[in-house]
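Overview (structure and organization)
The lines below spell out each chain.
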Amino acid sequence: MTYTSSALSRRTLLAGLAGTSALTAAAAPLAAQTPAAKTAAEQAPAALKDAKATKLVLLGTGGGPGGPGRTRKMTSHVMLSNGAAYVLDCGLGVIDQYARAGIPFPALRSIFITHHHADHNIEYGPLLVVGWIMGMHLDVRAFGPPPLKQMTEDFIRAYKTTVDFGAEDFKVKPLVAVDVKEVSAAGPVTQDDNVKVSAVIVEHPPVKPALGYRFDFKDRSIAFSGDTAPFEAVAKMAKGADVLVHEAMHVQALETYIRDEIAKGRPIKFEDMMAHMKADHTPVEDVGRIAQEAGVKTLVLSHLVPSIDSITDDTWRSLAAKYFKGEIIVGKDLMVV
Ligand SMILES: [Zn+2]
Ligand SMILES: [Zn+2]
């Protein structure tokens, strides 16, 4: 299912109707006419409710910081295991998408950041403050490349006045610090009663370090490439995992997209832009190759570049399927895997 503009407008319409009880009845026949059109947003809370197995929710599947207002939000994910939530990356939209998935904020146990590009970290600080307002526990932990500790302290300091007003009003303990562990090398990151987490250094110049992560839950293993050029170490890290979430780039569509942007007056050079994209990101065919080499069961294509709706799921899937013979999922926001 793709988020066509008609699906989007219907969803918006339904959301608007649902807010007015007198009109809720009018929405029912519309929904009944097209049951298949249920959006991922409507399905996520139901899919997570009472889930016994570990679940991954793709909160944002668009690549790059460009275009707030896009169908696909910037990169973020949450894994839910035994009632504990683990967020990976905090692109713009993470707070809202987390809430829409129906996961309570007190469930948030840890936050992981792959690297310090805006499409992966811009809503990290806000998540801490809004999360705290919504009942996030103060022993939440954060993991990511340096200077995450400093960034966290600076952000909390910047919002001290806001936090203090909230603490006074609602008679709750203020958010004064978050336990941050900086990760700058490959290897084990952390472990708790649900999961063992390890990291790998990936290839995303000039960002150093940029990380990929692997989460080994008791029932399931989920690996994330982070942002990277095609890289052997990702296949090695993801070896035998149940799920690999890999960034994916459609080179030809990207070239067209960049030429269009230049024609619209964006001050970039085509060659420079493509050189950067090729040095930093992975063409979707190579994603298939890496997934095959890793021998994962399921490949999730996410961080899609360009993040435009005109590339069909079949197009994305067929390019990865040239090399990968397992299950391929084209990521959608709020999809539960
Ligand atoms: Zn990115
Ligand atoms: Zn990046």
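Residues numbered from 1 in each chain as written. Chains lettered and ligands numbered in written order. Predicted model: local features only at pLDDT ≥ 70, side-chain atom pairs only at ≥ 80, totals over all residues. Heavy atoms only, no water.

Attention now goes to the coordination of the zinc ion (ligand 1). In this structure, Asp 119 (OD), His 120 (NE2), Asp 227 (OD) and His 303 (NE2) serve as the protein donors to the zinc ion (ligand 1), at separations of 2.1 to 2.2 Å. One can describe the site at the zinc ion (ligand 1) as irregular: its four donor atoms subtend angles covering 89 to 168° at the metal. Spacing between the donor residues of the zinc ion (ligand 1) along the chain follows D-H-x106-D-x75-H. (Donors = N, O, S within 2.8 Å, 3.2 Å for Na, K, Ca; no water. Tetrahedral: all angles 85-135°; square planar, octahedral: opposite > 155°, others 65-115°.)

Glancing now at the pattern of salt bridges. Applying the stated criterion across every chain yields a total of 12 salt bridges. Among the salt bridges present, the one from Arg 109 reaches Asp 193, with a minimum N-O distance of 2.8 Å. With a gap of 84 residues between them, Arg 109 in strand β4 (residues 108-112) and Asp 193 in the loop between β7 (187-191) and β8 (195-202) connect regions that are remote in the sequence. A salt bridge links Arg 289 to Asp 286; the shortest N-O distance between them is 3.3 Å. With Arg 289 and Asp 286 both in helix α12 (residues 284-294) and three residues apart, the pair spans about one turn of that helix. Given the relative accessible area of 33%, Arg 289 is considered partly exposed. (Salt bridge = Lys/Arg side-chain N within 4 Å of Asp/Glu carboxyl O. Helix = DSSP H or I, 4+ residues; strand = E, 2+ residues; numbered from the N terminus. Buried < 20%, exposed > 50% of the residue type's maximum accessible area, 1.4 Å probe, protein only.)

The next thing to look at is the sheet that holds strand β10 (residues 221-224). In space, the seven strands of this open sheet follow the order β7-β8-β9-β10-β11-β12-β13, with mixed pairing throughout. Each having just a single partner strand, β7 and β13 (327-330) make up the two edges of the open sheet. With direction set aside, neighbouring strand axes in the sheet form an average angle of 25°. Here strand β9 (residues 210-217) runs beside β10; their pairing, made up of four bridges, is antiparallel. Residue pairing across strands places Arg 214 opposite Ala 223, the latter belonging to β10. Of the strands in this sheet, β11 (243-249) and β12 (298-305) touch α12, which is tilted by about 160° from β11. Across the face of the sheet, helix α13 (residues 313-321) comes into contact with β11, β12 and β13 while running at roughly 145° to β13. (Pairing = 2+ DSSP bridges. Axes fitted to C-alpha atoms, helices over the stretch in contact; angles between N-to-C directions. Contact = heavy atoms within 4.5 Å.)

Here we take up the side chain of Asp 242. Considering the arrangement of structural elements, one finds Asp 242 in the loop between α9 (232-237) and β11. Asp 242 sits in the buried class, given a relative accessible area of 18%. Here Lys 297 takes part through its side chain, which lies 2.6 Å from a polar atom of the side chain of Asp 242. Excluding its chain neighbours within four sequence positions, the residues that come into contact with Asp 242 are Asp 219, Arg 220, Ser 221, Lys 297 and Thr 298. (Polar contact = N/O pair within 3.5 Å; in protein donor to acceptor, adjacent residues only side chain to side chain.)

So, about the environment of Leu 108. Among the secondary structure elements, Leu 108 is positioned in strand β4. Sequence separation of Leu 108 and Ala 85 is 23 residues, and the distance between their C-alpha atoms is 4.6 Å. Apart from residues lying up to four places away in sequence, Leu 108 is in contact with Ala 85, Val 87, Tyr 98, Leu 127, Met 136 and Val 140.

Once that is clear, we can look at the coordination of the zinc ion (ligand 2). Every protein donor of the zinc ion (ligand 2) is listed here as His 115 (NE2), His 117 (ND1), His 204 (NE2) and Asp 227 (OD), and their distances to the metal cover 2.1 to 2.4 Å. Mapped onto the polypeptide sequence, the residues donating to the zinc ion (ligand 2) form the spacing pattern H-x1-H-x86-H-x22-D. Metal-to-metal, the separation of the zinc ion (ligand 2) and the zinc ion (ligand 1) is 3.4 Å; Asp 227 coordinates the two. Within this pair, whereas His 115 is found in the loop between β4 and α5 (118-121), its partner His 204 is found in the loop between β8 and β9, the two being separated by 89 residues in sequence. Exposure remark for His 115: the relative accessible area of 0% places this residue in the buried category. Judged by its relative accessible area of 1%, His 204 is buried.

Grouped together as the largest cluster of nonpolar side chains are 36 residues, with contacts concentrated most on Val 87, Tyr 98, Ile 103, Ile 111, Tyr 124 and Leu 175. Among the elements that line this core, the one with the most residues is helix α6 (residues 124-133), at five residues. (Core = buried A, V, L, I, M, F, W, Y, C linked by side-chain atoms within 4.5 Å.)

Read from one edge of the open sheet, seven strands run β6-β5-β4-β3-β2-β1-β14, paired in mixed fashion. With one partner strand each, in any of the chains shown, β6 (179-182) and β14 (335-336) form the two edges of the open sheet. The sheet contact formed by strand β1 (residues 55-60) and strand β2 (residues 76-81) spans five bridges and is antiparallel. Each residue of the ladder has a partner; that of Leu 56, found in β2, is Met 79. Against the sheet, helix α7 (residues 148-158) touches β5 (141-144) and β6, its axis set at about 155° to β6.

Between α6 and α7, the shortest axis-to-axis distance is 10 Å and the interhelical angle comes to 50°. Classified by the angle between their axes, α6 and α7 sit oblique to one another. Handedness of the α6/α7 crossing: right-handed. Side by side, α6 and α7 meet where Tyr 124, Gly 125, Pro 126, Leu 128 and Val 129 of the first sit next to Leu 148, Thr 152 and Phe 155 of the second. (Parallel < 35°, antiparallel > 145°, perpendicular 65-115°, else oblique. Left-handed = near helix turned anticlockwise from the far one by under 90°.)

Attention shifts here to helix α3 (residues 40-48). The set of residues buried in α3 consists of Ala 40, Ala 41, Ala 44 and Leu 48. For α3, the buried positions fall inside an angular range of 90° around the axis, keeping them on one side. In this structure, the buried residues of α3 make contact with β1, β2, α4 (94-100) and β14. Within two residues after α3, Asp 50 carries a phi angle of roughly 60°, on the positive side. (Arc of directions from axis to C-beta.)

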